[in-house]
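Listed here are the chains, written in short residue letters.
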Amino acid sequence: MALKYYIEYNDTVNVLHRFELYDDNYTDPSIEVQGYVTMDYGQVDENLEAIRGQGLRVNLEANANLTYDDLFSEQQKTFKVIYYRAGDILFQGWLNSEGFFEDYVNDRWIVSFDCIDGLGYLDNLAFVYSDGTNITGVRSQLEVLSLALRRTGIEQDINVDIDVYYTGLADTESVLENVNVNTRRYIKDDDFTVMNCEEVIRDIIEPYGAVLTSYNGQWAIYKPNQLFSN
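All values derive from a computational prediction rather than experimental measurement.

Caption draft 1: Seen up close, the pattern of salt bridges. Tallied over the entire structure, the rule returns 12 salt bridges. Where R139 meets E143, a salt bridge forms, and the shortest distance between an N and an O atom there is 2.6 Å. Residue R139 is classed as buried on the basis of its relative accessible area of 16%. D203 is the salt-bridge partner of R185, the closest N and O atoms lying 3.1 Å from each other. Of this pair, R185 sits in the loop between β12 (180–182) and α3 (197–205) while D203 sits in helix α3; the two residues are 18 residues apart in sequence, bridging distant segments of the chain.

This is the structure we're talking about:
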């Protein structure tokens, strides 16, 4: 993807923040714009909600020559975004045109829009390969999760911390890498309809009491209620 817009600024403690927006159809030099970003997590009813999305709010300074009207799109996953803090990736996702807001002040104004990490798309994405062909065979639970998360269009590592083991599994091993499933289970009772990626992910992580979220540029799968001795 081609870098179209970017923001760089230092906060009050002199930490560098950088936001980048990419557009496959853009061919001109990238444009530095003025603005700032805020990041948070979506609200959930309980701490053990299995999927918790991360969001980014971007505020840009607009004027008559730079209105950002080009960022409107009816298609999902058109503009990829990356947010860095002190050189580390904290967020990867997609611009959500539905969250577009303008605050007019004289000849300059603020344009704000939301970015989402891709987890919000999971319920609209079938558990198939990107070309639409079915995923088949016996695979580890971690591989199934990887295939489902890949459908978000965000390529990042998966970091797992689930303190659950079966008899004979060493406590240095990941249970998700050692439990296999037949992907046939993700075909619904009509023997034709494929489950969506959210259903598949919940089927795997909910029995462990685990939660999936995006954290510091990685997919994190963890148990919020694990206990530690120190």
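Caption draft 2: Geometry of the sheet that holds strand β13 (residues 211–215). Taken in spatial order, the four strands make up an open sheet running β5-β13-β14-β11, and their pairing is mixed. The open sheet is flanked by β5 (51–52) and β11 (158–161), the only strands paired with a single partner. Bridge count for β5 against β13 is two bridges, and the pairing is parallel. Within β13, the position partnered with R52 by the bridge is T213. Against the sheet, helix α1 (residues 141–150) contacts β11, β13 and β14 (218–222), and its axis sits at roughly 140° relative to β11.

Caption draft 3: Representation of the packing of aromatic side chains in the model. Scanning the entire structure with this criterion turns up two aromatic pairs. Geometrically, the ring pair formed by Y5 and Y68 is edge-to-face, given 5.4 Å between the ring centres and 75° between the ring planes. Highlighted residues: Y5 in strand β1 (residues 2–10) and Y68 in the loop between β6 (54–63) and β7 (79–85), separated in sequence by 63 residues. The buried category is assigned to Y5, whose relative accessible area is 6%. Ring geometry for F127 and Y186: centres 5.7 Å apart, planes at 80°, overall edge-to-face. Placement of F127 in the loop between β9 (108–116) and β10 (138–140) and of Y186 in the loop between β12 and α3 is noted, with a sequence separation of 59 residues between them. Each member of the pair, F127 as well as Y186, carries the same accessibility label: buried.

Caption draft 4: Here's a closer look at the packing of α1 against α3. Their axes nearest at 10 Å, the elements α1 and α3 cross at an angle of 155°. By the angle class used here, α1 and α3 are roughly antiparallel. Relative to α3, α1 is oriented so that their crossing is left-handed. Where α1 abuts α3, its residues Q141, V144, L145, A148 and L149 lie against C197, V200, I201, I204 and I205. Considering only residue class, the contact of α1 with α3 consists of nine nonpolar, one polar and no charged.

Caption draft 5: Structural view of the nonpolar core. Ranked by size, the top nonpolar core spans 35 residues in total, and within it F127, L176, I201, I205, L212 and I221 carry the most contacts. Of the residues forming this core, the biggest block, six residues, is contributed by α1. Leaving out residues up to four positions away in the same chain, I201 has contacts with I51, L122, L145, A148, L149 and L212. One finds F19, F91, L95 and V111 within the second-largest nonpolar core, a separate group that totals 22 residues.

Scoring rules and cut-offs
Residues numbered from 1 in each chain as written. Predicted model: local features only at pLDDT ≥ 70, side-chain atom pairs only at ≥ 80, totals over all residues. Heavy atoms only, no water. Salt bridge = Lys/Arg side-chain N within 4 Å of Asp/Glu carboxyl O. Buried < 20%, exposed > 50% of the residue type's maximum accessible area, 1.4 Å probe, protein only. Helix = DSSP H or I, 4+ residues; strand = E, 2+ residues; numbered from the N terminus. Pairing = 2+ DSSP bridges. Contact = heavy atoms within 4.5 Å. Axes fitted to C-alpha atoms, helices over the stretch in contact; angles between N-to-C directions. Phe/Tyr/Trp six-rings, centres within 6.5 Å; stacked < 30°, edge-to-face > 60°. Parallel < 35°, antiparallel > 145°, perpendicular 65-115°, else oblique. Left-handed = near helix turned anticlockwise from the far one by under 90°. Nonpolar A, V, L, I, M, F, W, Y, C, P; charged D, E, K, R; others polar. Core = buried A, V, L, I, M, F, W, Y, C linked by side-chain atoms within 4.5 Å.

Read these as layout, nothing more, since geometry by itself doesn't imply function.
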